Amino acid sequence: MSLLDILLVLARHKTLIVRTVLVFTLLGVTYALLAPEEFTSEARVVREAQQESGGLPSGIPSGALSGLGISLGGASSGLTPAAYPDVLQSREVRLAVVRDTFRFPDAERPMTYVDYVNRPAGPLSSVLDYTLWLPWTLKGMLGQTISGSPVPAGTTETGEPLIPSEEEDKALKSISEKISASVDEETGLMTISVTAGGPQLSSALAERFLDHFATRVREIRTEKVRERLEFVEGRFQKAERELETAEDDLAQFLERNQNPTTATLQFRQDRLRRQVSFKEQLYSELQSQLTQTRLDLQQRQPVVTVVERPVPPMERSAPARTTIVLLSLLLGGVAGIGGSFLRTFFKIQEDKPEEQEKLEEVRQAFSPNGFLKAVKQYAGVSGN
């Protein structure tokens, strides 16, 4: 086929090409106008490296061996910046965010994200779900049918939900599509991006994600130290009560026996004094451990520095209406040109007697009657 033949095909089917381009353009313009606007708010955080120095058992500092290429301390511990996106998108952080209250552009009053996602759909939304968004609606229904209903939520002793409810599970899936994060491996700087249906809402969501993310990092980083602190505090309170009891016993004994002269009284007095001395020593040691553990907890607090706080964006991030219209024009042109060549191809084949039977068989196979006949045959084979 020469270039002249190609131009001839395009010239003969210019009406088909123009109509196809117009149809695709109309669909693109309709989608661009009806698609909801989205705004993206960003925040940037970085974790300042925390170093834990170490030493040799003999007291020689680990830096003394640096000339031999040996390093025993100074390595950072805890969460690395590479783990930050996983922590940000963890179930705990997302669940804390969806339970917060926000002001939504299309809601009359502030409500939690869970209530907003599970609110009754409006008339326009219902029409769009079963017209333009029908493929996605059917996909969601099919996925829900396959996966089944979530496990019913339980509660802890304090009344907090142990696992997400069905409504919260829907909100978790929805919020996952709005949050993204990336980390610069060289600088350790993490960028948090939240996309929502309004500039104020996207900024508020990013702010809540930032707060709950910092809280979650702190909990993970200090979990063991907090457990040790809780244990030491319990032992310290018990030692304090035991010391008070021992001192009261010694005071009562001295009040009843001003000058103990017998050996039994003297032995009992010595035993009470030893108990008080032992309790004082235990109390002093636990007090030192409690102070040290609190200092250790403070030192191990992860330092997450907010480099750039989220602000309401000035311009929308989606939809890119100009890009959508241009892509529609391009797709319409490609579809029109492709249809022109297909029509020319089938017309040429129809002029050949030996190819007419093949074309007729293909048409019958892909016609509605052909599909219905195939279904009936399949049903008959399955029944047998």
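Within each chain, residue numbers correspond to sequence positions counted from 1 in written order. For this predicted model, a pLDDT threshold of at least 70 governs which residues receive local features, and a threshold of 80 or more governs which side-chain atom pairs are given and counted, while totals over whole chains, interfaces and linings are taken from all residues. The basis for the side-chain values is all heavy atoms of the structure; hydrogens and waters are excluded.

Attention now goes to the pattern of salt bridges. Opposite charge on two side chains permits pairing when their charged atoms draw close. Only one rule defines a salt bridge in this text: a Lys or Arg side-chain nitrogen within 4 Å of an Asp or Glu carboxyl oxygen. In the structure shown here, the tally under the stated rule is 13 salt bridges. Put simply, R91 and E92 hold a salt bridge, and the shortest N to O gap is 3.8 Å. Using a relative accessible area of 37% as the deciding quantity, one classes R91 as partly exposed. With a shortest N-O distance of 3.0 Å, E168 and R99 are connected by a salt bridge. Note that E168 is positioned in helix α8 (residues 166-176) and R99 in the loop between α4 (91-98) and β2 (101-102), a separation of 69 residues in sequence. For each residue, the accessible area found with a 1.4 Å probe, counting protein chains only, is set against the maximum for its type, and the residue is called buried under 20%, exposed over 50%, and partly exposed in between. Overall, the relative accessible area of 30% leaves R99 in the partly exposed class. Sharing partners across several salt bridges, the network here consists of E37, R316 and R321. The way it works is that DSSP assigns letters per residue, a run of H or I at least four long becomes a helix, a run of E at least two long becomes a strand, and they are numbered from the N terminus.

Throughout, nonpolar core names a set of buried Ala, Val, Leu, Ile, Met, Phe, Trp, Tyr and Cys residues whose side chains join them through atoms within 4.5 Å. In this structure, V98, F104, Y113, L205, F209 and F213 are the most contacted members of the largest nonpolar core, which totals 32 residues. Breaking this core down by element, the ones donating at least two residues are β1 (39-47), α3 (84-88), α4, α5 (113-117), α8, β5 (189-196) and α9 (199-221). With seven residues, α9 is the largest single contributor of residues to this core. Among all residues touching V98, those that are not within four sequence positions of it are T112, Y113, V114, A171, L172 and I175. Should any heavy atoms of two residues lie within 4.5 Å, those residues are counted as being in contact.

This part covers α8. Of all the positions in α8, only E168, A171, L172, S174 and I175 are classed as buried. Relative to the axis of α8, the buried residues are bounded by an arc of 165° and lie together on one face. Buried positions along α8 lie against α4, α5, β4 (179-183) and α9. Regarding the arc, it is the one traced by the directions from the helix axis to the C-beta atoms.

Attention now moves to a nonpolar patch on the surface. Every patch collects residues that have over 30% relative accessible area and no salt bridge, joining them within 9 Å if they carry like charges and within 5 Å if they are nonpolar side chains (Val, Leu, Ile, Met, Phe, Trp, Tyr). In short, Shrake-Rupley with a 1.4 Å probe defines the accessible areas, and a residue's cover is counted only from the protein chains shown. On the surface, V23, F24, L27 and L331 cluster together into a nonpolar patch covering about 370 Å² of accessible area. What makes L27 exposed here is its relative accessible area of 55%.

The next thing to look at is a positive patch on the surface. On the surface, R256, R268, R271 and R274 cluster together into a patch of positive charge. Position of R274 among the secondary structure elements: in helix α11 (residues 263-299). Judged by relative accessible area, R274 falls into the exposed class, the value being 53%. The charge count treats Lys and Arg as positive and Asp and Glu as negative. His and the chain ends do not count. Taken as the charge location is NZ of Lys, CZ of Arg, CG of Asp or CD of Glu.

Our next topic: the pairing of β4. In regular strands, side chains alternate between the two faces of the sheet. Sheet topology note: the β4/β5 ladder contains five bridges and is antiparallel. Bridging from a neighbouring strand, I179 pairs with V194 of β5. The antiparallel pairing of β4 with β5 creates a hairpin that spans five residues between the two strands, and G188 there sits at a positive phi of about 75°. The rule for pairing is simple: two strands pair if DSSP sees at least two bridges between them.

Relative to the elements of secondary structure, L327 occurs in helix α12 (residues 321-350). A sequence separation of 303 residues divides L327 from F24, and the C-alpha atoms of the two residues are 9.2 Å apart.

Judged by pairing direction, the sheet is antiparallel, and its four strands sit side by side in the order β4-β5-β1-β6 without closing on themselves. Of all strands in the sheet, those with a lone pairing partner are β4 and β6 (304-308), marking the two edges. With strand direction ignored, the average angle separating the axes of adjacent strands in the sheet is 25°. Against the sheet, α9 engages β1, β4, β5 and β6, with an angle of about 25° to β1. Note on geometry: axes are lines fitted to C-alpha atoms, helical ones only across the stretch in contact, with angles between N-to-C directions running from 0 to 180 degrees.

With that settled, consider the packing of helix α10 (residues 223-256) against α11. Running from N to C, α10 and α11 point in directions that differ by 155°, and their axes come no closer than 8 Å. Comparing the axis directions of α10 and α11 gives the class roughly antiparallel. The crossing of α10 and α11 is left-handed. For classification, angles of less than 35 degrees are called roughly parallel, those exceeding 145 degrees roughly antiparallel, those between 65 and 115 degrees roughly perpendicular, and all remaining angles oblique. In this scheme, a crossing is called left-handed if the near helix is turned counterclockwise away from the far one by less than a right angle; it is called right-handed if the turn is clockwise.

A low pLDDT score tells you not to read the predicted coordinates there in detail. The score called pLDDT rates the predictor's confidence residue by residue, from a low of 0 to a high of 100. For the protein, the average pLDDT comes to 77, and 71% of its residues sit at 70 or higher. The model gives residues 150-157 a pLDDT under 50, and that stretch makes 16 contacts with residues more than four places away or in other chains.

The next point concerns the packing of aromatic side chains. Ring pairs are drawn from Phe, Tyr and Trp, using the six-membered ring of Trp, whenever the two centres fall within 6.5 Å, and their geometry is named by plane angle: stacked under 30 degrees, edge-to-face over 60, tilted for the rest. Following the criterion strictly, the structure yields five aromatic pairs and no others. Ring centres of Y84 and F213 lie 5.1 Å apart, and the angle between their planes is 80°; this geometry places the pair in the edge-to-face category. Pair noted here: Y84 is in helix α3 and F213 is in helix α9, with a separation of 129 residues, a long-range link. In this structure Y84 comes out as buried when scored by relative accessible area, which is 1%. Taking the relative accessible area as the measure of exposure, F213 reaches 0% and is therefore buried.

Once that is clear, we can look at the side chain of T191. For T191, the position within the fold is in strand β5. Accessibility expressed as a relative area gives 14% for T191, which makes it buried.

Following A318, the chain continues to P319 via a peptide bond in cis, the omega torsion being 0°. Its location among the elements puts P319 in the loop between β6 and α12.

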